[in-house]
2 protein chains.
Amino acid sequence: MSLLDDPATCVDTIDIALGERSYPILIGQGAPLWQQAVQHFPAGTSATIVTNTTVAPLYAEQLRAQLAPHYPRVDLVVLPDGEAHKNWQTLNLIFDAMLGSGADRKAVLYALGGGVIGDMTGFAAACYMRGVPFVQVPTTLLAQVDSSVGGKTAINHPLGKNMIGAFYQPRLVVCDLATLKTLPQPELSAGLAEVIKYGPIYDMDFFAWLEQNIAALKAQDGAALRHAVRRSCEIKAAVVSADETESGLREILNFGHTFGHAIEAGMGYGAWLHGHAVAAGMVLATQLSQKLGYLPDDRFLQRLLALLEKAQLPVQAPVLDAARNAERYLALMRVDKKTQGGAIRFVLLNPPGKAHTEKIDDAIVADLLNASIAA
Amino acid sequence: MSLLDDPATCVDTIDIALGERSYPILIGQGAPLWQQAVQHFPAGTSATIVTNTTVAPLYAEQLRAQLAPHYPRVDLVVLPDGEAHKNWQTLNLIFDAMLGSGADRKAVLYALGGGVIGDMTGFAAACYMRGVPFVQVPTTLLAQVDSSVGGKTAINHPLGKNMIGAFYQPRLVVCDLATLKTLPQPELSAGLAEVIKYGPIYDMDFFAWLEQNIAALKAQDGAALRHAVRRSCEIKAAVVSADETESGLREILNFGHTFGHAIEAGMGYGAWLHGHAVAAGMVLATQLSQKLGYLPDDRFLQRLLALLEKAQLPVQAPVLDAARNAERYLALMRVDKKTQGGAIRFVLLNPPGKAHTEKIDDAIVADLLNASIAA
């Protein structure tokens, strides 16, 4: 399939190969997409659509219409919007609604929204009566290229992002490219950060393609978005299929995320969009790779900075503490899930297109933070 | 191994065969038991013992002494005691403690206590950073013969018992028979209800053995308790190994539990011990089996009533609603996890020693409840 295929009619399928937990990602739009999607709907006694106050008026009735012929009952749960609500209290609204309506072990959950909705709905599906099937219907670029695929589900804890969760795979992911048309510009940029990530960790040809097509992506060109979503999902599928529970290879998907999570936590959840924090975090992770001698010069850093800026993404990490900034970053990163036995692990490039993880001494990281953020 | 083996020195091992999630149950007491147990401790960066205010003063320091040589740090979390605390707020105390002390993905949780502690600690292990290893150290008869084995973890929701949870297997179960010596008499009886359950669903020879040895069990005779724990774990292991996630055979382990859960919920969690509710529930389930023509006469019912009474267990289910008792039972049972598509499934005997599950019309169940509870 080439970029010349009509994005309005063709549907791409990417398979996540995880044995009995395998499932397809469908990418397309409108009627042709949903005609295929319904073939994969899990059987069930009821469907519950979980969405938020922003997405519900746009797409909830469309999805309900798709589901209605396939389930005896379709319920709707509308959560407050935003990372600040990604907590137990909000999760419990899903349980309250399902138990209140008598949803049983054969109920199916549908996550309609961005990363927060997908993570919370997936975790609700993992826990409700010890597990019911769920389907991801991601409506943001970030969710389509990253968070809806791979089965990482979670809520936040006051002491750390995504600290309480499960590896729990969806039965199906339906990426309707039409939903990206209603995406506000900052959300589109935030999604592009995760798209850009796949270049340095896995495929520098894709990075070069992004450099060529960043203007088309920013203009929400259908064919360009389609290729970006497809290639991102292909890379994520390859990595997740090789390492479902993040015991090794999968960690490279967190390039820029260790610094990024510290930025999100330090600024207060919701103050920085996740993708924006990851963008600034990728710059720091690239600088760290360079400092450790894994990059021969700053050519890749310059390319990354230029691409992020064209994508309207921040390249400068914020000051979290005027007096002891590096210490604050280190303290926040130490609680990150990738930390093991006290040392902080980072995803590093060596060379661009290939990544590995490594524990790095605090002193080296502090040096970098002091140089990069004071600058 | 015979009943004549010295329970103070020999250690039984029963394997739960679940592929890469397989684990051993060790049954014994004192130093010989723990000498074997330490060989199976999962490696980790820290250990966290989760227990309650009743068990902590009895055994927490003993367990800490066993763990101390094997982990860089051993933390202790003491929860309030009782089913009434089996909720998110209490679960969160475990997360608060672990995140507060910097426990990472290689932390190991130890559940020291009865069924509530085991269920909550297991669920915490399933969710903390999307999953860390855990070990069950059950200190009640009920937990040793039932809840610590098989990987069912959960917390309660105001609308239903064990509604939020996960299938998540421990790495090891250590049944120290010495801990049963401090068990209050009602707790011992409650555990005997789950022991007795294994007879009618799987092994009537074991039921006959229980009839012969009920006095010794009530007197906490070491050899008798050892056999009861071992045979119960063997049966549970066989059933769980065949059906980890309760899609079929495993449901038979819930004999008496559908009625029992209604009793617990209807009386208010904690008012009836779980085992007591199961005892009264087994009587109802046996009567239902008989009403449906699966039992030729009431001989087994009479044997069950006699054994339960010798075990000091209730045989009469309580009135939950003076005006509409059967309707109240049915409404509470309909929210049970085994319900699918509106009909209520029951575990029935056909004949004693063999069980199956079946959806039964509300009218038949209401008849039975009216006859049995009004009597």
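About the cut-offs
Residues numbered from 1 in each chain as written. Chains lettered and ligands numbered in written order. Predicted model: local features only at pLDDT ≥ 70, side-chain atom pairs only at ≥ 80, totals over all residues. Heavy atoms only, no water. UniProt positions renumbered as here; feature names shortened; annotations may be inferred. Domains from an automatic or database assignment. Contact = heavy atoms within 4.5 Å. Buried area = accessible area lost by both parts, 1.4 Å probe. Salt bridge = Lys/Arg side-chain N within 4 Å of Asp/Glu carboxyl O. Polar contact = N/O pair within 3.5 Å; in protein donor to acceptor, adjacent residues only side chain to side chain. Nonpolar A, V, L, I, M, F, W, Y, C, P; charged D, E, K, R; others polar. Helix = DSSP H or I, 4+ residues; strand = E, 2+ residues; numbered from the N terminus. Buried < 20%, exposed > 50% of the residue type's maximum accessible area, 1.4 Å probe, protein only. Pairing = 2+ DSSP bridges. Right-handed = clockwise from strand over helix to strand, strands pointing away.

An unreviewed UniProt entry lists chain A under the name 3-dehydroquinate synthase, with Lampropedia cohaerens as the source organism. The Catalytic activity (unreviewed entry) field of the UniProt record for chain A holds the comment "7-phospho-2-dehydro-3-deoxy-D-arabino-heptonate = 3-dehydroquinate + phosphate". Here is the UniProt Subcellular location (unreviewed entry) comment for chain A, exactly as written: "Cytoplasm".

Draft legend 1. Focus on the domain arrangement of chain A. Residue and element names in this part refer to chain A. If you check the domain split of chain A, you get domain 1 (12-182) and domain 2 (188-374). Put simply, the middle of domain 1 and the middle of domain 2, counted by C-alpha atoms, are 26 Å apart. In this assembly, 33 residues from domain 1 lie in contact with 35 residues from domain 2. Both faces combined, the contact of domain 1 with domain 2 buries some 2,900 Å², and carbon together with sulfur accounts for 63% of it. Contact with domain 2 buries area across many residues of domain 1, yet Leu 141, Val 145 and Lys 161 alone supply 21% of it, more than any other trio.

Draft legend 2. Local environment of the interface of chain B and chain A. Each partner contributes residues to the interface: chain B has 35 residues there, and chain A has 35 residues. When the buried area of chain B at its contact with chain A is split by residue, Trp 88, Arg 105 and Arg 130 of chain B rank highest and sum to 26% of it. Applying the counting rule to chain B against chain A returns 0 salt bridges. For the pair chain B and chain A, the number of links is 8 residue pairs in polar contact (both at pLDDT 80 or more). Among the residues making up the side of chain B that touches chain A, the classes are represented as 16 nonpolar, 11 polar and 8 charged.

Draft legend 3. Representation of unusual backbone geometry in the model. Here Asn 350 of chain A and Pro 351 of chain A are connected by a cis peptide whose omega angle stands at -10°. Secondary-structure assignment places Pro 351 of chain A in the loop between strand S10 (344-349) and strand S11 (355-360). Within the chain, Gln 220 of chain A stands out as a residue other than glycine whose phi angle is a positive 60°. Along the polypeptide, Gln 220 of chain A turns up in the loop between helix H7 (204-218) and helix H8 (222-242). We note that Met 129 of chain B has phi near 50°; this positive angle belongs to a residue other than glycine. Note on placement: Met 129 of chain B falls in the loop between helix H4 (115-127) and strand S6 (134-138). Judged by its relative accessible area of 1%, Met 129 of chain B is buried.

Draft legend 4. Quick look at the pattern of salt bridges. Residue and element names in this part refer to chain B. Within this structure, the stated rule accounts for 34 salt bridges over all chains. The partner of Glu 251 in a salt bridge is Arg 345, and the shortest N-O contact between them spans 3.1 Å. With Glu 251 in the loop between helix H8 (222-242) and helix H9 (257-267) and Arg 345 in strand S10 (residues 344-349), the pair connects residues that are 94 residues apart, well separated along the chain. Its relative accessible area of 19% is what places Arg 345 among the buried residues.

Draft legend 5. Broad picture of the pairing of strand S5 (residues 107-113) of chain A. Residue and element names in this part refer to chain A. Of all 7 residues making up S5, 7 are buried, and the element is well covered by its neighbours. Both S5 and strand S6 (residues 134-138) contribute to a ladder of 5 bridges, which runs parallel. Bridge pairing in S6 places Ala 111 opposite Gln 136. With helix H4 (residues 115-127) bridging S5 and its parallel neighbour S6, the resulting β-α-β unit is right-handed.

Draft legend 6. Seen up close, the UniProt feature "binding site: Zn(2+)" (unreviewed entry) in chain A. Residues and elements named next belong to chain A. Per the UniProt entry, the sites bearing "binding site: Zn(2+)" (unreviewed entry) are Glu 194, His 257 and His 274 in this numbering. The greatest C-alpha distance among the annotated residues, which extend across 81 residues, is 10.0 Å, indicating that they converge on a single site. Filtering out sequence-adjacent residues up to four positions away, Glu 194 remains in contact with Leu 142, Val 145, Asp 146, His 257, His 274 and Val 278. Following the sequence through the fold, His 274 ends up in helix H10 (residues 274-291). Side-chain polar atoms of His 274 contact the side chain of Glu 264, separated by 2.8 Å.

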